[in-house]
Amino acid sequence: MINDYDFMLTQDQLDLRNLVQDFAQNVVKPVCRVAERDAIVPEEQVKQAMDMGLHLMTLPEEYGGLGLDHLTNAIIREELSKGDAGFASRVTGFGFAPVQIAGNEWQKQWVADLFLNGGIMAFGLTESTAGSNAAAMTTTARRDGDDYIINGGKTFITNGDCADVITIFAVTDKDKGSKGITAFLLPKDTPGFTVGEHEDKMGIRCVHTNSLFFDDMRLSAKYRLGEEGEGFKIAMKILDDSRPCTAASAVGIAQAALDEALAYSKVREVFGKPICENQAIAFMLADMEIQIQAARRLVWGNCLAADAGVINKRLVAIAKCFASDTAMKVTTDAVQIFGGNGYSKEYPVEKLMRDAKIYQIFEGTNQIQRTIISRDLLR
Ligand SMILES: Cc1cc2nc3c(=O)[nH]c(=O)nc-3n(C[C@H](O)[C@H](O)[C@H](O)COP(=O)(O)OP(=O)(O)OC[C@H]3O[C@@H](n4cnc5c(N)ncnc54)[C@H](O)[C@@H]3O)c2cc1C
């Protein structure tokens, strides 16, 4: 990795990055390379990561966490994702942001205790008939005394089978559209809650993605996040907070692909010389570097803004979109540079190409990000 902007980082950030880089390259990468073939989550290495506190990055220090700022968080996510992006999602989950954004003191303490015991949180917004248009959800929550009775389900929930708590969203007043949606914290052992088999996915196979089912699920009102009707707004705030870090994972995948392609291009000889001596290949490498540097700076810019308390939805969408498009382009070009070997599972880049694709789809597809950007421009 070419660390041209290291002058912006503190010694603590550099030390932490080196520590995670070492773990990601020497432990995560080799283990996940094998585990992903059978969509196995390497729990022993997940535990190792948690022992390092990597699931506590977003938990504030006052609750016993590392309390890292968005920039440091993004740097760690990039490094971990260079090792394996699915693994990075398995370890960090959705972080502490949902309760930080909308939780009361009891909820913060409760979730913090779960995290300190090795727990993580998932995010359950999508339904089978409500993905891009999340406000069209049909899961309902009906008030019954001190409880809510929840019916419906969610689909494609990352870490659905292992999260200790999941932020879910349900309709409490169907006449109010997006203003009739309410957020809840769902503990995993709640009666009436079941988890489906994990999806057999194209990429990020070292983290599982599941459907969730709610069948007359009784949930105490103490788990309601925010007020009734605030759920959609809370969901959008959570996504604005998490998208830069998700984009950092995409940068990590792209950087890993460039590192592999660069090394291969120097040793693969065709027509009696290394392929990197052909300008067509050298320029591809240059374009990969240009896009990665630009994507990383967009991510860092967003993180610095978030750390200063500024959330600009258009810039968040730009970073998510550009970083994931970069990951897709760079990994595709890396496969090209590897030639036939690039298409073989024996070499590392086809996995990176498979891993990259999801970043253009989840947390709002890139079409939806472009809708956010263009609406803001045309406002
Ligand atoms: C591996 C994986 C992990 C996921 N993890 C989570 C998770 O943890 N939590 C969670 O809540 N969700 C999660 N999701 C769901 C993900 O966020 C949705 O798949 C995504 O938002 C798209 O929704 P959809 O699949 O229903 O696609 P659809 O909404 O059906 O869209 C299909 C296509 O149409 C396009 N499209 C739709 N509307 C428009 C429009 N108005 N203008 C232009 N194009 C449009 C979309 O961009 C897309 O290309 C995950 C999905 C996957 C595959």
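Predicted, not measured: the structure shown is a model, and the values here were computed from it.

Q: Any chance you could explain the overall build of the protein chain here in plain terms?
A: What the protein chain contains, in helices and strands, is 11 helices and 10 strands. Overall, the protein chain is about 80 × 50 × 40 Å in size when its C-alpha atoms are taken along their principal axes. Burial status across the protein chain gives 48% buried among its 379 residues. Taking as baseline every contact in the protein chain between residues at least 6 positions apart, the subset at least 24 positions apart corresponds to 74%.

Q: Can you help me understand the environment of A356 in this one?
A: Following the sequence through the fold, A356 ends up in helix α10 (residues 349-357). For A356 and L304, which are 52 residues apart along the polypeptide, the C-alpha to C-alpha distance reads 24 Å. A356 has contacts with A250, I253, A327, M328 and T331, leaving out every residue within four places of it along the chain.

Q: Looking at this structure, how should I read the pairing of strand β5 (residues 181-187)?
A: Within a regular strand, the side chains alternate between the two sheet faces. Most of β5 sits inside the fold, with 6 of its 7 residues counted as buried. Sheet topology note: the strand β4 (residues 165-171)/β5 ladder contains 7 bridges and is antiparallel. When the sheet's bridge partners are listed, T167 is paired in β5 with L185. In the sheet, β5 pairs with strand β8 (residues 224-225) via 2 bridges, with the strands oriented antiparallel. The residue of β8 that forms the bridge with A183 is L225.

Q: Hey, could you run me through the domain arrangement of the protein chain in this one?
A: Domain boundaries in the protein chain define domain 1 (6-116), domain 2 (121-230) and domain 3 (233-378). The gap between the C-alpha centroids of domain 2 and domain 3 is 30 Å. Each partner contributes to the interface: domain 2 provides 12 residues, whereas domain 3 provides 10 residues. Residue composition of the side of domain 2 that touches domain 3, grouped by class: 8 nonpolar, 3 polar and 1 charged.

Q: Would you mind going over helix α6 (residues 105-116) with me for this structure?
A: Each turn of an α-helix holds 3.6 residues, which means side chains three or four residues apart point in the same direction. The end-to-end C-alpha distance of α6 is 16 Å, a good match for the 16 Å that 12 residues give at a rise of 1.5 Å each. Turning to α6, its buried residues are V111, A112 and F115. One face of α6 carries all of its buried residues, which in axial projection span an arc of 105 degrees. Within two residues after α6, G118 carries a phi angle of roughly 90 degrees, on the positive side.

Q: Honestly, the site of the ligand in this entry has me stumped. Any pointers?
A: Within the structure, the ligand sits among 21 residues, and G131, S132, T158, T365 and Q367 are positioned closest to it. Counting only elements with at least two residues in the shell around the ligand, the list comes to β1 (121-124), β3 (147-158) and α11 (366-378). Of the residues assigned to the shell around the ligand, the class counts are 9 nonpolar, 10 polar and 2 charged. A domain split of the shell around the ligand shows at least three residues from each of domain 2 (121-230) and domain 3 (233-378).

Q: Teacher, can you tell me more about the nonpolar core here?
A: Side chains that are nonpolar tend, in soluble globular proteins, to be buried together. Membership of the largest hydrophobic core comes to 112 residues, with the highest contact counts inside it found for A254, A257, V299, A323 and A334. Broken down by element, the residue count for this core peaks at 17 residues, all from helix α7 (residues 231-267). Those residues in contact with A323 that lie beyond four places of it in its chain are A247, A250, V251, A295, L298 and V299.

Q: Would you explain the environment of I311 in this entry?
A: Counting through the fold element by element, I311 comes out in the loop between α8 (279-307) and α9 (313-337). Given 14 C-beta atoms within a 10 Å radius, I311 is considered partly exposed. Setting aside anything within four residues of it in sequence, one finds I311 in contact with D240, A306 and V316.

Q: What should I look at first to understand helix α1 (residues 11-35) in this one?
A: Between its terminal C-alpha atoms α1 stretches 34 Å, which fits the 36 Å expected from 25 residues at 1.5 Å a residue. Within α1, the axis deviates most sharply at V28, by approximately 40 degrees, and proline P30 lies no more than four positions further along. For α1, the set of buried residues is L16, V20, A24, V28, C32 and A35. Structurally, α1 contributes buried residues whose contacts are with α2 (43-51), α3 (70-83) and α4 (85-92).

Conventions we followed
- The written sequence of each chain sets the order in which its residues are numbered from 1.
- Only residues with pLDDT of at least 70 get local features here, since the model is predicted, and only at 80 or more are side-chain atom pairs given and counted; chain-wide, interface and lining totals rely on the full set of residues.
- Elements are defined by DSSP. Helices are runs of H or I of four residues or more, strands are runs of E of two residues or more, and each kind is numbered from the N terminus.
- Exposure criterion: with C-beta atoms placed from backbone coordinates, a residue whose C-beta has 20 or more other C-beta atoms within 10 Å is buried, one with 12 or fewer is exposed, and one in between is partly exposed.
- By the convention adopted here, residues are in contact when the distance between their C-beta atoms, placed from the backbone, does not exceed 7 Å.
- Here, strands pair whenever DSSP counts at least two bridges between them.
- Each domain's limits were defined by an automated method or a database of domain assignments.
- Residue polarity is assigned by list, with Asp, Glu, Lys and Arg as charged and Ala, Val, Leu, Ile, Met, Phe, Trp, Tyr, Cys and Pro as nonpolar; anything else, Gly included, falls into the polar class.
- Any helix carries an expected span of 1.5 Å times its number of residues minus one.
- Arc definition: directions from the helix axis to the C-beta atoms.
- Using the backbone to place each C-beta atom, any residue with that atom within 6 Å of a molecule or strand is considered near it.
- Take the buried Ala, Val, Leu, Ile, Met, Phe, Trp, Tyr and Cys residues, join any whose C-beta atoms are within 7 Å, and the set you get is a nonpolar core.
- We define the bend at each residue as the angle formed by axes fitted to the 7 residues ending at it and the 7 residues starting at it.

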